[in-house]
Amino acid sequence: MHSIQFDIAHLLASALVLASFMLLYQDRMFGLIQVFAGHAVVLALAVAWQAYVQDAPHLYVTAAIALVFKATIIPVALFRIVRRLEIHRNVEKVVGVGSTMLIGIGLVALSIAVMLPVTHRSGAYTSEDLVFALAVVLLGLLMMTTRRNAVSQVIGFMSLENGLILAAAGAKGMPLVVEISVAFSVLIAFIVIGVFLFRIRERFDSVDVQALDRFRGDRG
Amino acid sequence: MIDWASIAEPMVLAVPAGSAAILATLPGYRLSSKLNVLASLTTFLAALTLIVHRPPAGTFLLVDDLNVFLIVLNTFVGFTASAFSAGYISHELESGKLTPTYLRFYHAMYQVLMFGMNLALMANNIGLMWVAIELATLTTVLMVGIYRTHEAIEAAWKYFILGSVGIGLALFGTIIVYLAALPVIGEGLDAMAWNVLTTRASAFDPALLNLAFVFLLLGYGTKVGLAPLHAWLPDAHAEGPTPISAVLSGLLLNVALYAVLRFKILLAANEAALAPGPLMVTMGLASLSFAAFMLYRRRDIKRFFAYSSIEHMGIATFAFGMGGPLANFAGLLHMAMHSLTKSSIFYSVGHIAQVKGTQKISQITGLTATHPLLGWSLVAGVAAIAGVPPFGLFMSEFLVLSSTFARQPLLAVPLAFGLLIAFGALIWRLHKLAFGTPGPEEKSGPAPAGYKLVAIFAHLALVFVAGFYLPTSLTAWFQHVAALLG
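Just so it is clear, the model here is predicted, and its values are computed rather than measured.

Draft legend 1. Highlighting the overall build of chain A. A tally of regular secondary structure across chain A gives 8 helices and 0 strands. Going residue by residue from the N terminus, the α and β elements of chain A occur as α-α-α-α-α-α-α-α. A burial count over chain A gives 46% of its 220 residues as buried.

Structure follows, in structure tokens:
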């Protein structure tokens, strides 16, 4: 593989990590959704580049799904939900922006420390790809734990799934079944979430997970 | 002439999938609930034939020594749970908890869940297995939230978020396993097929396998309900319909543990890889001790038995972590016995909650006096789950304990301690539930008809017999699988 191909792949994968960081500090609902759309676009580009480099046409399908479904349909749907539920106020955070970013940097360092030495033998290309993918997964987890609002937790989960797709695309010749299944499961996951959000809307005036948390464990 | 042996394997998957589609279109719930039982019975019979005629490993499906017993167990409990559900669910409709539309959805989802679990057990592909477990998870999320109460939605949401994170981590582990297999097996489906992976695992890069196993244990461990990843489990059990609690505890936890075991075999086949034992022993012991103490503070009867499931999955994980023929044998036996016993307890609890109109332990007293048959079925079930001899769980727990004493006496101390604490909690609660002074009469409805309790006693009879007699062929086969597990 030529070094320029390496560099472009690394550039795109690291752009995805940067986009994850941008998700972490968004404090407006609409801004958060827009950044997530950008996150999905970057993923589509990274996967398409992998398809070109590996000469694996099925990966173009994965890239197209990311572009159409995650970068377009889901953000539009989320915009609507947010508007209908009137939750476009500030995103409530459990931890401040500064400390969240610091933890995020720590997580990236952790994924480098864990992944690089282990995956060294499987070829330079894959190993760095996995480092970025793990970083995106961990940042997605961080986002899910530091947000209270249900919609931003969902976005955190989808950014986590983006990291998984990046990892799957980077694994050379991984059978199609996985890419499609991942994309498909995201679709199902989203329907589930949609159903939930509407149910929650039916019964409560808030999709704030903390409002749901009144019932914790069992009381008398 | 149809070759029954060759179509049994696809039938185990096709029957649930096909009947899910039919049930989704049928409006009447009476017919649906009967059809649901019929479909589950057909699936069970098809699974039974797999014991005798084992099809060769295909590209996507595999039936081998390890999974065949789980497939049979899965379809059997799936069948009895559907029979229980048929009697249970009409009451839910009468009491206005569910509408006919939701019941239709419920029956279709039940079969989708069975399809997902059977596929996860039979998949010969680590990616396909992951998809199937994800499918089963999503269906149960929907089922847990079906009552649409405040508590049910929160339980489903919590389950969904934690389950998704777990499943995400498991996928990451799955990808790393593929990367480990890539240089040895080459690109393509073979590098994800269990039968190929298991035979070639000795040549894999051990460092990659280690890394993958950590992700897989955390990921699928969340689904097993191992502490500290168990937070979703009690809520999901308490708020969903009781047939689903029975299926969750009895089957889905087993399916997730099966996934962990499969990957453990890969690590065991590779000498340079880390021993998965200590990790599993630690998580198992943590789950056991944590759940044992938490049992004392439960006030909801379904949540109480959900914690007991965490405890028992902890024991099974501990046994597999110890490894060796005897402990593995005990672990397999424990999985089977727990599955049968816990589902029977949930059947009893379902009827009790309907009769008493509450799930609060404080409002359920003196069952053996007011509803003798139901009360005694609970007494027998709790005695079995607590590990009272001669029930099967006593045997498996005794084997775990004695094999641990022989090899690592220090580990046996916390294990015995946890078992005793849990035993105390179960008996203490049972005393009030079954033998306390009966509450005011107007609070309790009529006892369910005797035939509705057949499934409970069938399960308990199996567990009872297994406590002192296992057919030699079954024992030999359990031992063979135990050797495979390493």
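Draft legend 2. Region of interest: the overall build of chain B. Looking only at helices and strands, one finds 19 helices and 0 strands in chain B. Against the compact-globule benchmark of 23 Å for 486 residues, chain B has a radius of gyration of 21 Å, which places it among compact chains. Across its three principal axes, chain B shows a C-alpha extent of roughly 70 × 55 × 45 Å. Taken across its 486 residues, chain B has 60% of its residues classed as buried. Of all intrachain contacts in chain B linking residues separated by at least 6 positions in sequence, the fraction that spans at least 24 positions is 82%.

Draft legend 3. Representation of the environment of S348 of chain B. Residues and elements named next belong to chain B. Summarising the element assignment, S348 is placed in helix α13 (residues 324-356). The buried category is assigned to S348, around which 30 C-beta atoms lie within 10 Å. Along the primary structure S348 and N270 are separated by 78 residues, whereas in three dimensions their C-alpha atoms are 45 Å apart. Contact partners of S348, with chain neighbours within four places excluded, come to L374, S377, L378, G381 and I456.

Draft legend 4. Just the packing of helix α16 (residues 392-407) of chain B against helix α17 (residues 409-435) of chain B, in detail. Residues and elements named next belong to chain B. Axis separation between α16 and α17 bottoms out at 7 Å; the angle between their running directions is 155°. It follows from the interaxial angle that α16 and α17 lie roughly antiparallel. Each of E397, L401, T404 and F405 in α16 lies in contact with α17, whose residues at this interface are P409, L411, A412, L415, A416 and L419. Looking at the contact of α16 with α17, its residues break down into 8 nonpolar, 1 polar and 1 charged.

Draft legend 5. Structural view of the nonpolar core. Judged by nonpolar contacts, the single largest core of 248 residues is most densely connected at L16 and L166 of chain A together with V255 of chain B. Residue contributions to this core peak at 24 residues, all from helix α6 (residues 150-185) of chain B. Beyond its immediate sequence surroundings of up to four residues, V255 of chain B is in contact with M117, A120, L121, I133 and A136 of chain B.

Draft legend 6. Geometry of unusual backbone geometry. Omega for the peptide link from A227 of chain B to P228 of chain B comes to 0°, which places this bond in the cis form. Looking at where P228 of chain B falls in the secondary structure, it is placed in the loop between α8 (206-224) and α9 (232-239). The amide bond that connects P389 of chain B to the next residue, P390 of chain B, takes the cis arrangement and shows omega of 5°. Relative to the helices and strands, P390 of chain B resides in the loop between α15 (372-386) and α16. Phi at D55 of chain A takes a positive value of approximately 55°, unusual for a residue other than glycine. The residue D55 of chain A is located in the loop between α2 (29-54) and α3 (58-85) in this model.

Draft legend 7. Broad picture of α17 of chain B. All names here are of chain B. Counted at 1.5 Å a residue, the expected span for α17 with its 27 residues is 39 Å, and the 38 Å between its end C-alpha atoms agrees. Of all the positions in α17, only L415, G418, L419, A422, A425, L426, R429 and L433 are classed as buried. Buried residues belonging to α17 abut α11 (277-294), α12 (301-322), α14 (367-370), α15 and α16.

Draft legend 8. Looking closely at the confidence of the model for chain A. All names here are of chain A. Looking at chain A as a whole, its pLDDT mean stands at 77, while 73% of the residues score no less than 70. Model confidence for chain A, summarised as mean pLDDT per element, is weakest for helix α8 (residues 209-212) at 52 and strongest for α2 at 90. Contacts of residues 201-207 to residues separated by more than four positions or lying in other chains number 14 contacts, the stretch itself having pLDDT below 50. Predicted confidence is poor over residues 214-220, with pLDDT under 50, and the contacts of this stretch with residues over four places away or in other chains come to 8 contacts.

Draft legend 9. Highlighting the confidence of the model for chain B. Across chain B, the average pLDDT comes to 89, with 98% of residues at or above 70. Here helix α19 (residues 472-485) of chain B stands out as the least confident element of chain B, with mean pLDDT 84; α12 of chain B is the most confident, with 95.

Draft legend 10. A look at the environment of A259 of chain B. One can find A259 of chain B in helix α10 (residues 242-269). Between the alpha carbons of A259 of chain B and P183 of chain B there is a distance of 23 Å; along the sequence they are 76 residues apart.

Draft legend 11. How the structure looks around α13 of chain B. All names here are of chain B. Between its first and last C-alpha atoms α13 spans 46 Å; for 33 residues at 1.5 Å apiece the expected length is 48 Å, and the two agree. Counting buried residues in α13 gives 28 out of 33 residues, a clear majority hidden from the surface. After α13 finishes, the residue G357 shows a positive phi value of roughly 70°.

Draft legend 12. Local environment of the environment of I153 of chain B. Position of I153 of chain B among the secondary structure elements: in helix α6. Here the alpha-carbon distance between I153 of chain B and L142 of chain B, two residues 11 residues apart in the chain, equals 9.4 Å.

Scoring rules and cut-offs
- Residues numbered from 1 in each chain as written.
- Chains lettered and ligands numbered in written order.
- Predicted model: local features only at pLDDT ≥ 70, side-chain atom pairs only at ≥ 80, totals over all residues.
- Helix = DSSP H or I, 4+ residues; strand = E, 2+ residues; numbered from the N terminus.
- Buried ≥ 20, exposed ≤ 12 C-beta atoms within 10 Å, placed from the backbone.
- Rg over C-alpha atoms; globule rule 2.2 N^0.38 Å.
- Contact = placed C-beta atoms within 7 Å.
- Axes fitted to C-alpha atoms, helices over the stretch in contact; angles between N-to-C directions.
- Parallel < 35°, antiparallel > 145°, perpendicular 65-115°, else oblique.
- Nonpolar A, V, L, I, M, F, W, Y, C, P; charged D, E, K, R; others polar.
- Core = buried A, V, L, I, M, F, W, Y, C linked by C-beta atoms within 7 Å.
- Expected span 1.5 Å × (residues − 1).
- pLDDT = per-residue confidence, 0-100.

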